[in-house]
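Single-letter residue listing:
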Amino acid sequence: MSSRTLFDKVWDLHTVRTLPSGQSQVFIGLHMIHEVTSPQAFADLRLKGLKVPFPERSVATVDHIVPTENQARPYADGLAEEMMVAIDKNCREFGIRLFQPGSGKQGVVHIIAPEQGLTQPGMTVACGDSHTATHGAFGAIAFGIGTSQVRDVLATQTLSMSRLKVRKIQVDGQLKPGVYAKDVILHILRKLTAKGGVGFAYEFAGSTFSAMSMEERMTVCNMAIEGGARCGYVNPDQVTFDYLKGREYAPKAEHWDKAVAWWKSIASDADAVFDDVKTFKTEDIEPTVTWGISPDHGIGVGESIPAKESFAKDEWATIDEAYQYMDLKAGQPIAGVAIDVAFIGSCTNGRISDLREAARVITLHGGKVNAKVKAFIVPGSEAVKVVAEAEGLDKVFTAHGFEWRNAGCSMCLAMNPDKLQGRQVSASSSNRNFKGRQGSPSGRTLLMSPAMVAIAALEGKVSDVRTVLAKAAKG
Amino acid sequence: MNEIKTITGRAIPVVGNDIDTDRIIPARFLRCVTFDGLGEHAFEDDRKQLTAQGKTHAFDDKRFTGASVLVVNSNFGCGSSREHAPQAIAKWGIKAIVGVSYSEIFFGNCVAMGLPCLRVAVADSEAIQAVVTKDPAVQVSVDVDKLEVRAGNQTWKAQMGDGHRKQFLTGQWDATAELVAGVEQVKATAQKLPYVSAFA
């Protein structure tokens, strides 16, 4: 069999049958659960008298509502406490593994599954969370689902789905200094828009992705959903295998070679046929910052807020709304926009390599967090926190005025106590700049790479990380 | 199982592209273990902001109280997978949605809840919004069988994938029972997967 994409191969292998409606019944190899989108699914199982036939194929953790400062139970927020009690009870009753705070394995669901070796090439992965796309970095077909579908996966380990088309996103070239995986995906979103990927899976291909670490690939795939693509993936290669080897739930020694051989076989064929292809070059990608209210509102840090005439006419109302909400004007440079809060963390950029790079640029800069800015760093998992502290990164952060917290989703979506206040502006390494996203109904978010967030925190305004890197290079 | 063929009722327009699920139901309302009571909080922050500006959001506009058809524009329901968003809309009273396009996760959630989302052309979504804004009392029919939207003497063509359309028409939009029925085949498929059988 040739001319097939990874998506085709994985989809076909996992298709159980065609349902009477014409939809496919698709087997889910890894199901992840968190406290926010699962309680109603478990309640429905009880109501309908349904069992969980494959409890070993689900794994749960708590991340969205977990406080990042005081984690003592019961939580101050009674509603959050109720959700913690519910997930514990639900997992016990249905025999599902739960990684609780203090276990050493708790963290943002999209960070812990890869670091435990649970996410593997060739799997189908589902979770009641749109950023499940992250796991595509391993050459898995991974997508977010809603609560009714969480119930379906629990009850049957399958979903009713329609096949996606596949768009190849080819990016070639080396990233310039100061340009990160986050900038690559923000650039792609800018060019293909927030809705351009509806109906597609994105295959990220080319020398740029081949040269990326697994953590960088996760950052890219994580935000495929912001472009409307329900999933994004990178073909598995030696980088993937090296990352997985030795992780707790990865295949063990006697099975390793067999696993690698199969993983290699499910990669897209050299002559694979795609429904669409889009091509980008790294030389066109700058450190990118969003100025508006949708993740596709990104511009290079050296650019100015675009005129609405540069968008399709049916977008003009949205662009006017964005100018008004953000209090920014067309023609105004994005560099220099003052910030109030700086947040480094999230399933997009809360991994150890993100924290290392933030610490590196903070050290190169040498300054302290601007007096007007509250800056905090939230490791993506307990495991990330342990490594960061062993490397002394926490000391770098606190010495320069950043707060160092415990693992969780934190101010990415602000379901825990970490929130913007009033009209505050945040520089954020997260994934969404939607109106009200970070906890204040009128709060404003500028998305950027963790290194750019770090420099914005020190300068008190949007600044080009390349200035710091260039100064350091001159010595 | 409920067959869903045509929904007829008054309609409510919510104008704008890329209206994300954080706007439909802000995250603070996700601190719950049931979907009860979400309806009153649909679009809460957008509503408050418009009120503060002396304007009125459609969900606060008495002329649209009791509407059962929601008319939107492009990429409605993008962002977070939270089913709380379509649940809030449904609990407010919406039984069908008409718009240019939807995020796939939002659309899938709506299917599983029995809330049909039909697609129409950009100009048609705007035209339907104009019609119901001018006359909020007009009865709008969303016909899943004939794939059209009707209001007064006007008819607009609509689209929905064949599989989903069939799910609504035959009452199989709640796929759970059908998925459970395939359990033996599910086990057989699982056993053929190398990561289940060969190197687990």
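Since the structure is predicted, the reported quantities are computational estimates derived from the model, not experimental observations.

Peer 1: Please give an account of the packing of helix α2 (residues 39–48) of chain A against helix α5 (residues 147–156) of chain A that cites residues and values.
Peer 2: For any two helices packed against each other, the geometry is given by the interaxial angle and the distance between the axes. Residue and element names in this part refer to chain A. Where α2 meets α5, the closest approach of the two axes is 8 Å, and the angle between their N-to-C directions is 50°. Taken together, α2 and α5 sit at an angle that is classed as oblique. At the point where α2 passes α5, the crossing takes the right-handed sense. Contact with α2, carried on its side by Gln 40, Ala 41, Asp 44 and Leu 45, involves Thr 147, Val 150, Arg 151, Leu 154 and Ala 155 of α5 and no other residues of that element.

Peer 1: Lay out unusual backbone geometry in plain terms, naming residues and giving numbers.
Peer 2: Across the junction of Arg 73 of chain A and Pro 74 of chain A, the peptide omega takes the value -5°, indicating a cis bond. With respect to the helices and strands, the residue Pro 74 of chain A is situated in the loop between β4 (58–61) and α3 (78–94). With a phi angle near 70°, Thr 193 of chain A is a residue other than glycine that sits in the positive phi range. With respect to the element layout, Thr 193 of chain A can be found in the loop between α6 (181–192) and β10 (200–205). On the neighbour-count criterion, Thr 193 of chain A (22 C-beta atoms within 10 Å) is buried. With phi around 60°, Phe 43 of chain B is a residue other than glycine that occupies positive phi space. With respect to the secondary-structure elements, Phe 43 of chain B resides in the loop between α1 (21–24) and α2 (44–52).

Peer 1: An account of the interface of chain A and chain B is needed here, citing residue identities and associated values.
Peer 2: When the parts of a complex come together, some accessible area is lost, and that lost area is often used as the size of the interface. Counting residues at the interface gives 70 residues for chain A and 56 residues for chain B. Sorting elements by how many residues they give to the side of chain A that touches chain B places α5 of chain A first, with seven residues. Across the side of chain A that touches chain B, the residue classes break down as 28 nonpolar, 28 polar and 14 charged.

Peer 1: If you had to explain the domain arrangement of chain A to someone new, which residues and values would you point to?
Peer 2: Residues and elements named next belong to chain A. Domain assignment breaks chain A into domain 1 (6–265) and domain 2 (288–474). Distance from the C-alpha centre of domain 1 to the C-alpha centre of domain 2: 24 Å. Contacts between domain 1 and domain 2 engage 37 residues on the former and 36 residues on the latter. Elements supplying a minimum of two residues to the side of domain 1 that touches domain 2: α4 (109–115), α6 and α8 (214–222). Split into classes, the residues belonging to the side of domain 1 that touches domain 2 amount to 13 nonpolar, 15 polar and nine charged.

Peer 1: Account for the sheet that holds β4 of chain A, naming residues and giving values.
Peer 2: Residues and elements named next belong to chain A. Taken together, five strands build an open sheet; the order of strands is β5-β4-β3-β6-β7 and the sheet is parallel. Two strands lie at the open edges of the sheet, namely β5 (97–99) and β7 (141–144), each paired on one side alone. Here the average twist between neighbouring strands, direction ignored, is 20°. Across four bridges, strand β6 (residues 124–127) lies against β7 in parallel orientation. Note on β7: the bridge partner recorded for Thr 124 is Ile 141.

Peer 1: Lay out the nonpolar core with the relevant residues and their values.
Peer 2: Ranked by size, the top nonpolar core spans 207 residues in total, and within it Ala 201, Ala 342, Val 453, Ala 454 and Ala 457 of chain A together with Val 69 and Val 98 of chain B carry the most contacts. Looking at which element gives the most residues to this core, the answer is helix α16 (residues 450–459) of chain A, with eight residues. Among the domains, domain 1 (6–265) and domain 2 (288–474) of chain A are the pair contributing at least three residues each to this core. Beyond its immediate stretch of four places on either side in the chain, Ala 454 of chain A contacts Ile 344, Ala 358, Val 361 and Ile 362 of chain A.

Here is what the cut-offs are and how they apply
Residues numbered from 1 in each chain as written. Chains lettered and ligands numbered in written order. Predicted model: local features only at pLDDT ≥ 70, side-chain atom pairs only at ≥ 80, totals over all residues. Axes fitted to C-alpha atoms, helices over the stretch in contact; angles between N-to-C directions. Helix = DSSP H or I, 4+ residues; strand = E, 2+ residues; numbered from the N terminus. Parallel < 35°, antiparallel > 145°, perpendicular 65-115°, else oblique. Left-handed = near helix turned anticlockwise from the far one by under 90°. Contact = placed C-beta atoms within 7 Å. Buried ≥ 20, exposed ≤ 12 C-beta atoms within 10 Å, placed from the backbone. Nonpolar A, V, L, I, M, F, W, Y, C, P; charged D, E, K, R; others polar. Domains from an automatic or database assignment. Pairing = 2+ DSSP bridges. Core = buried A, V, L, I, M, F, W, Y, C linked by C-beta atoms within 7 Å.

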